[in-house]
Amino acid sequence: MKVQLISPLEPSDPFLAELARLESRLPAADPPWLRAVRRRALARFGERGFPGRRDEDWKYTDVSTIAERPLRVALPGIGSLGTGAAGAEAGRIETGEWRYAGLECLELVFVNGHCISTSPDVNSFYNLGALPEGTSVAPLAAMLSDAPPMLRGSIQRMADAPPDAFAALNAAFTADGAYLAVPDGVALEVPVHLVFLSAPADGPVASFPRIYIHLGKDARASVIESYVGMDAQENLTCAVTEIIAAEGARCDHYRVQREHPRSYHVGRLSVSQARDSEVTSFSIACGARLSRQDIAVRLEGEGASVALHGLYVGDGRRHVDHHTRIDHLLPHTHSEEHYKGVLDGRSRGVFNGTVVVHPDAQKSEAHQSNHNLLLSGEAEIDTKPELQIHADDVICSHGASVGRLDPDALFYLCSRGIEAPAARTILTQAFIDEVLARLPIAALRLGLARDLGSAQTAGAAVI
Amino acid sequence: MLSVHDLEVGIADKPILKGINLEVGSGEVHAIMGPNASGKSTLAHVLAGREGYEVTAGGVTFDGEDLLALSPEERAHRGVFLAFQYPVAIPGVNNAYFLKAALNAGRKYRGLAELDAIEFLNLVKEKLKIVHLDEALLKRAVNEGFSGGEKKRNEVFQMAVLEPRLAILDETDSGLDIDALKLVAEGVNRLRDGQRSFVVVTHYQRLLHYVVPDRVHVLSGGRIVRSGDRGLALDLEKHGYDWVKEAAA
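Residues numbered from 1 in each chain as written. Chains lettered and ligands numbered in written order. Predicted model: local features only at pLDDT ≥ 70, side-chain atom pairs only at ≥ 80, totals over all residues.

S.K.: Lay out the overall build of chain B with the relevant residues and their values.
M.R.: Helix and strand content of chain B: nine helices and twelve strands. Here chain B has a C-alpha radius of gyration of 18 Å; the compact-globule value for 249 residues is 18 Å, and the two agree. The principal-axis extent of the C-alpha atoms belonging to chain B is close to 60 × 40 × 35 Å. For chain B, the residues scored as buried account for 46% of the 249 residues in total. Partitioning the contacts of chain B with sequence separation of at least 6, the portion at a separation of at least 24 is 71%. (Helix = DSSP H or I, 4+ residues; strand = E, 2+ residues; numbered from the N terminus. Rg over C-alpha atoms; globule rule 2.2 N^0.38 Å. Buried ≥ 20, exposed ≤ 12 C-beta atoms within 10 Å, placed from the backbone. Contact = placed C-beta atoms within 7 Å.)

This is the structure:
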């Protein structure tokens, strides 16, 4: 994916050709404004190109493997799965094996970035039930032809001022995703589960889901984004989520990345918070060959508060990167951030947590921690907390650690007859459980505990 | 049952044990006494299989098997149990989960069916009574936030659940007030059944008022300088360790 884009775009540009191919498959209602926005975004991307190692934000994460491969954008429709594997995969999709047992939720399912929950042959998945009045939960594609001004503004902003090259690329290929709007004073009681399945499609494809979440004044909602790899493939998922929380709104956001171990995943979460709003984010990353998650939170109103929790698990030669940035813009804003990582084999983790307390953000409070467990001599972590404090009356703290399993604890367990490998697993699970224990949705907590092999949390109901 | 012969052990080239001989028969209680830094805890740790010690001469057999060739978990499976002087706090691992894993690992080794959650719970409820510990302890993280007395009682509780053939108590009396000491001693005595053997490592004689030993050995400078019956412990209390050191010199 060599970048030689100049503005205006050459008709022969391969990215433009991909865009034309995608648009030829989109419904006739795909609006002209959006077609123009996509081209502007592609031009922005062309100006920047993919980030290189000299870019400070990408110093430890080399995306040349993504940059050098040909871009093939996944097209809408279940038929885009390809010929050979399509039947078998469609069967697996129907089993719903990626669901969390006992999780009551509103569900939208996507295959390679395109929603299948509205397709007539799979509409049994579209189980939205009755929604509170004025609430919208819909595939983004269904909202684009007559896009609400807020949504249109959001898409235009991301295209004209993308925070990085991947956000620009996502804007350039925006075609589907999810739209959630909850009006003032309404609480959506059940979580919305957005399931992004990455499936084989006669060779690697790239998908660009876009999620837009708008919570009105004092509104409440929980959203789970699951990214699930279906079968051996090297797909790229490049996702962008935006959360806008109005005054007093409360949003719990869960992002679970379980992509195929040979795939690539780049995700961005942008959060804007008004006065007294509360946002909690969980980012669990345990898949993909290379993954990068950016989280940017702007506390734009007094009393706004955010909590970011994260867990990343790496083995083999996996690379997992989290970059977070929290901007405290006004007084009495509150942030806390707790990330933990477990790295085995020759995997590599990156954690970069920036907190900026702006001059007007007096009486604010920011706390951050990042603790890492290295299970092998060859695993690596680069952890970098970065506090920039421009106000004098604030409370801030941060702590980072990198450690190995405690040999005294290991001996204690083994001396009671527990086999050494089991003892190591127990101690690793205990490290992970501390994050899982904070997940308020029990079905999600137990499902993740099972996926991450944590028998203790999964079995907590028994003892 | 346990046979220690001419055992020499060092840490990083520094000799600690300089030729220990000890025979512990089935059902016997042996006390190992001695001043600080005499090598008492080293002996306890080497028997349990802690890393970091180098055995330079001699050996240890347990029922005729070379104990030192076994991993800590293999020793546990054969019935060796160490009650730690400083039980390790393990945040995030609850006591019940830990103990069930330990018990079932041992049962698996012996070819017994693993206990399910209900069977396990019924068993441990009985055993908790032995050391007068509350059931709430099961849900707490292993030794985390436990008082000194709770930690030591938790060691005896684990011993009661795992039912070892040889229990080594490493200064189980240290840091306990007299009431806690009595509770621990009562727990140990209830586990004496004529078959199970004990090696009680202690600095002071006071535990031996309650857990009465068959034999007392005095360790000093890495050697057993004196052995006798429980009367030796009483002599030590009266005369102090200098008396044995002088006698040995």
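S.K.: Before we move on, could you go through the overall build of chain A and cite the residues and values that matter?
M.R.: A tally of helices and strands in chain A yields eleven helices and 20 strands. Taking all 463 residues of chain A together, the buried fraction comes to 50%. Put simply, of all contacts in chain A between residues at least 6 apart along the chain, 81% involve residues at least 24 apart.

S.K.: Mind laying out the packing of helix α2 (residues 32–48) of chain A against helix α7 (residues 165–172) of chain A, listing which residues take part and the relevant values?
M.R.: Residues and elements named next belong to chain A. Relative to each other, α2 and α7 sit at 155 degrees, their axes nearing to 7 Å. Taken as axis vectors, α2 and α7 run roughly antiparallel relative to one another. As for the relative orientation of α2 and α7, their crossing is left-handed in sense. Residues Arg38, Ala41, Leu42, Arg44, Phe45 and Arg48 of α2 form the contact with α7, whose own contacting residues are Ala165, Ala168, Leu169, Ala171 and Ala172. Its residues assigned to classes, the contact of α2 with α7 shows eight nonpolar, no polar and three charged. (Axes fitted to C-alpha atoms, helices over the stretch in contact; angles between N-to-C directions. Parallel < 35°, antiparallel > 145°, perpendicular 65-115°, else oblique. Left-handed = near helix turned anticlockwise from the far one by under 90°. Nonpolar A, V, L, I, M, F, W, Y, C, P; charged D, E, K, R; others polar.)

S.K.: Report on helix α1 (residues 40–48) of chain B, specifying residues and quantitative values.
M.R.: For α1(B), the tally of buried residues reaches nine of nine residues, placing the bulk of the element in the interior. All of the buried residues in α1(B) are Lys40(B), Ser41(B), Thr42(B), Leu43(B), Ala44(B), His45(B), Val46(B), Leu47(B) and Ala48(B).

S.K.: Before we move on, could you go through the nonpolar core and cite the residues and values that matter?
M.R.: Where a protein is soluble and globular, its nonpolar side chains tend to be buried together. In terms of nonpolar packing, the biggest core is built from 206 residues, with Leu197(A) and Ile168(B) touching the most fellow members. Residues lining this core come from more than one domain, with at least three contributed by each of domain 1 (14–300) and domain 2 (406–463) of chain A. Excluding residues within four positions of it along the chain, Leu197(A) makes contact with Ile93(A), Trp98(A), Val109(A), Phe110(A), Val111(A), Val228(A) and Met230(A). (Core = buried A, V, L, I, M, F, W, Y, C linked by C-beta atoms within 7 Å. Domains from an automatic or database assignment.)

S.K.: Can you explain the domain arrangement of chain A? Please cite residues and give values.
M.R.: Residue and element names in this part refer to chain A. Here chain A is partitioned into domain 1 (14–300) and domain 2 (406–463). Of the residues lining the interface, twelve residues belong to domain 1; the matching set on domain 2 comes to eight residues. Of all the elements in the fold, those that place two or more residues in the side of domain 1 that touches domain 2 are β10 (250–258) and β12 (278–285). Of all the elements, β10 adds the most residues to the side of domain 1 that touches domain 2, at three residues. Residues belonging to the side of domain 1 that touches domain 2 are distributed by class as follows: ten nonpolar, one polar and one charged.

S.K.: So, the interface of chain B and chain A: which residues are in play, and what are the values?
M.R.: Contacts between the two partners involve 24 residues from chain B and, on the opposite side, 20 residues from chain A. Listed by contribution, the elements that provide at least two residues to the side of chain B that touches chain A are α2 (72–78), β7 (90–94), α3 (95–109) and α5 (148–162) of chain B. Sort the elements by how many residues they give to the side of chain B that touches chain A and α3(B) lands first, with six residues. Considering only residue class, the side of chain B that touches chain A consists of 16 nonpolar, six polar and two charged.

S.K.: Explain helix α8 (residues 230–239) of chain B residue by residue, including any values.
M.R.: Residue and element names in this part refer to chain B. Within α8 the residues assigned to the buried category are Leu232, Ala233 and Leu236. The arc that holds the buried residues of α8, viewed along the axis, is 105 degrees, so those residues lie on one side. Turned more than 90 degrees from where α8 packs its buried face, Gly231 and Lys238 sit exposed. (Arc of directions from axis to C-beta.)

S.K.: Report on the sheet that holds strand β18 (residues 365–374) of chain A, specifying residues and quantitative values.
M.R.: Within a sheet, neighbouring strands are paired by backbone hydrogen bonds and run either parallel or antiparallel to one another. Residue and element names in this part refer to chain A. Taken together, ten strands build an open sheet; the order of strands is β2-β1-β5-β8-β10-β12-β14-β16-β18-β20 and the sheet is mixed. Both outer strands of the open sheet, β2 (114–115) and β20 (395–403), are each paired with one neighbouring strand and no more. Inspection of the sheet shows strand β5 (residues 192–198) paired to strand β8 (residues 220–229) by seven bridges, in the parallel sense. When the sheet's bridge partners are listed, histidine 193 is paired in β8 with isoleucine 224. Each of β14 (305–314), β16 (334–343) and β18 is contacted by helix α9 (residues 420–436), which is oriented at about 155 degrees to β16, the strand it contacts most. (Pairing = 2+ DSSP bridges.)

S.K.: Just give me the short version of the environment of His260(A), but keep the residues and values in it.
M.R.: Among the structural elements, His260(A) can be located in the loop between β10 and β11 (264–273). Spatially, the C-alpha atoms of His260(A) and Ala288(A) are 5.2 Å apart, while their sequence positions differ by 28 residues.

S.K.: Provide a residue-level description of the pairing of strand β6 (residues 80–83) of chain B, including the pertinent values.
M.R.: In summary, the side chains of a regular strand alternate between the two faces of the sheet. Residues and elements named next belong to chain B. Of the two faces of β6, the one lined by Val80 and Leu82 and the one lined by Phe81 and Ala83 are each fully buried. Pairing of β6 with strand β9 (residues 166–170), which is carried by four bridges, proceeds in the parallel orientation. Paired with phenylalanine 81 across the two strands is alanine 167, which belongs to β9.

S.K.: Break down the sheet that holds strand β3 (residues 29–33) of chain B for me, with residues and values.
M.R.: Residues and elements named next belong to chain B. Read from one edge to the other, the open sheet built from six strands follows the order β6-β9-β10-β3-β11-β12, with strand pairing classed as mixed. Either end of the sheet is taken by a strand with one partner, and the two such strands are β6 and β12 (223–228). Strand-to-strand twist of the sheet, defined as the mean angle between neighbouring strand axes without regard to direction, takes the value 20 degrees. By the bridge criterion, four bridges tie β3 to strand β11 (residues 215–220) in an arrangement that is parallel. Note that in β11 the partner of histidine 30 across the bridge is arginine 215. Where α1 meets the sheet, it contacts β3, β6, β9, β10 (197–202) and β11, and its direction lies at approximately 145 degrees from that of β9.

S.K.: Before we move on, can you summarise the packing of α2(A) against helix α6 (residues 149–160) of chain A with the specific residues and values?
M.R.: Residue and element names in this part refer to chain A. Packing of α2 against α6 brings their axes to within 8 Å, and their N-to-C directions diverge by 25 degrees. As summarised for this structure, α2 and α6 are arranged roughly parallel, according to the angle between their axes. Contact residues: Val37, Arg40, Ala41 and Arg44 in α2; Ile155, Gln156, Ala159 and Asp160 in α6. Here the contact of α2 with α6 is built from residues that sort into four nonpolar, one polar and three charged.

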